[in-house]
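The chain contents come next:
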Number of protein chains: 2
Amino acid sequence: MELQVIKVGGNIIDDEVKLAAFLKAFSTIEGYKVLVHGGGKIASEIGIKLNIEPNYVNGRRITDKPTLDLVTMVYGGLLNKNVVASLQALGCNAIGLTGADGGVIPAHRRLVRDIDYGFVGDVNSASINTRLIKILIHNGFVPVLAPLTYDGAGGLLNTNADTIAQEIAKAMSALMPVQLIYCFEKKGVLIDAADDNSVINSISRADFMELREKEIISGGMIPKLENAFAAIEMGVSKVILGHADELPALLTGNAGTWIV
Amino acid sequence: MELQVIKVGGNIIDDEVKLAAFLKAFSTIEGYKVLVHGGGKIASEIGIKLNIEPNYVNGRRITDKPTLDLVTMVYGGLLNKNVVASLQALGCNAIGLTGADGGVIPAHRRLVRDIDYGFVGDVNSASINTRLIKILIHNGFVPVLAPLTYDGAGGLLNTNADTIAQEIAKAMSALMPVQLIYCFEKKGVLIDAADDNSVINSISRADFMELREKEIISGGMIPKLENAFAAIEMGVSKVILGHADELPALLTGNAGTWIV
């Protein structure tokens, strides 16, 4: 049976109404599924109250120890457990995980080159513990992953949710066919950033290189697409990007952008 | 095989050195085991920074919505995930759970009689989902439970960790022999509160009634012992109370107070 790995971003997580609609659609998906959720603005809002100043170096946010504790609380606790509780109420037997739980997602602190990102984890792809995920889904549970990984030495690390979705999808592809769906606030990859309906139906790595060259694809879409291509190139059957509101159509291939 | 259900309190959770020693001892226990952890002072400390004022009615703390979010973050996120990560580093394949994960611990909001405790859950004993715990322990995982339960309608509830330990131990007793160990900051039930070494080796319900009458047992020991007796009377094989520092001796019955 095919596994659906579905990633939902912070923009949806932050919006109670949109999140409820998304989770309802997610809960109706039949068969094996895994949800990976992003962080959202709430961590920053709580951080401000806790006087945890966002720490930027060259425009990149650094995860210092107070920030690591903050995201552990907010991503691993507040967000993850409320998503789990909401899914349970929808009849979806969710179980929340970080990368530390069952040692599912081993990672290492990002190597310091120009910037020390602090407690940011790069996933040890070859060591992902698919066994727990497999046991859970085979027994009817639905893993819900927070964007936190495990450093192998008693510590958590902050890791981008798109990357976690990519890594889980790749690792699970060794066991079963996997479809990876990135749900975000756009209908897909847009050929005209100003036109929300200018969705490219499918995109190859060559197309991506060209559109990036022309700066039609820029900003946060670049790492998102890098993750998507890494997945498709490493054995994930299908990778689709699209709007969280359109999850049912994304699942059947009738919306969003296919990575080919 | 016997299941060890071990509860560790907030006083240990709050003390980095004691917690590390406790987790090391816990990690060496062979066979099936479950850890239930309490809350600790850190939630109150973070609550103060977040301007979540402790709300007391008749001396009892009320869990209002901001407090529920606080404990969800701190118990379900910060504490639970750091305990899991520490255990993983000790070679113990821990997996952190709240009562919402896998619907393990269904509860209902405490009925309002004289006081409305807010988002406090009383466990629906008959509905505990032992299946997830069983699957996890049979596959070599070690469930680590935070003191949060699930209201069946998308919400979490704040529940005393002693109670959770009792309920899990009772429910699991239907499947296998269970030993329940309450680890706290005393060597057991003391016959003289001023003498830490005046441990009563064993206590029956009749002894308890008598000692409570004489006010030798008072305060927080009363609900702790109520939980312990509820467990032993509902099929848990052995129930022991003792000091977290003495976990190995508690396991072999060479320390602490036995509930008989």
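Below or above, wherever it landed, is the structure these notes cover. (Residues numbered from 1 in each chain as written. Chains lettered and ligands numbered in written order. Predicted model: local features only at pLDDT ≥ 70, side-chain atom pairs only at ≥ 80, totals over all residues.)

Attention now goes to the sheet that holds strand S5 (residues 94-97) of chain B. Residue and element names in this part refer to chain B. Judged by pairing direction, the sheet is mixed, and its eight strands sit side by side in the order S5-S8-S2-S1-S11-S13-S14-S12 without closing on themselves. Each having just a single partner strand, S5 and strand S12 (202-203) make up the two edges of the open sheet. Pairing analysis gives two bridges linking S12 to strand S14 (residues 257-259), with the strands arranged parallel. Bridging across to S14, Ser 202 finds its partner in Trp 258. Its contacts with the sheet place helix H6 (residues 161-172) against strand S1 (3-8), strand S2 (32-37), strand S8 (142-145) and strand S11 (178-184), and it is angled at close to 175 degrees to S1. (Pairing = 2+ DSSP bridges. Helix = DSSP H or I, 4+ residues; strand = E, 2+ residues; numbered from the N terminus. Contact = placed C-beta atoms within 7 Å. Axes fitted to C-alpha atoms, helices over the stretch in contact; angles between N-to-C directions.)

Right, let's talk about the relation of the copies chain B and chain A for a bit. Overlay of chain B on chain A (RMSD 0.0 Å): rotation 180 degrees, translation along the axis 0.0 Å. With respect to symmetry, the two chain copies, as superposed, fit the operation of a two-fold axis. Residue Gly 77 of chain B, judged by its C-alpha, is the member of chain B lying nearest the rotation axis, at 1.8 Å. When the interface residues of chain B are mapped onto chain A, 100% of them again fall at the interface, so both copies present the same face. (Least-squares fit on C-alpha atoms with pLDDT ≥ 70 in both.)

Right, let's talk about the interface of chain B and chain A for a bit. Across the contact, 31 residues belong to chain B and 31 residues belong to chain A. With 13 residues, the single largest contributor to the side of chain B that touches chain A is helix H4 (residues 65-89) of chain B. Counted by class, the side of chain B that touches chain A contains 14 nonpolar, 13 polar and four charged residues. (Nonpolar A, V, L, I, M, F, W, Y, C, P; charged D, E, K, R; others polar.)

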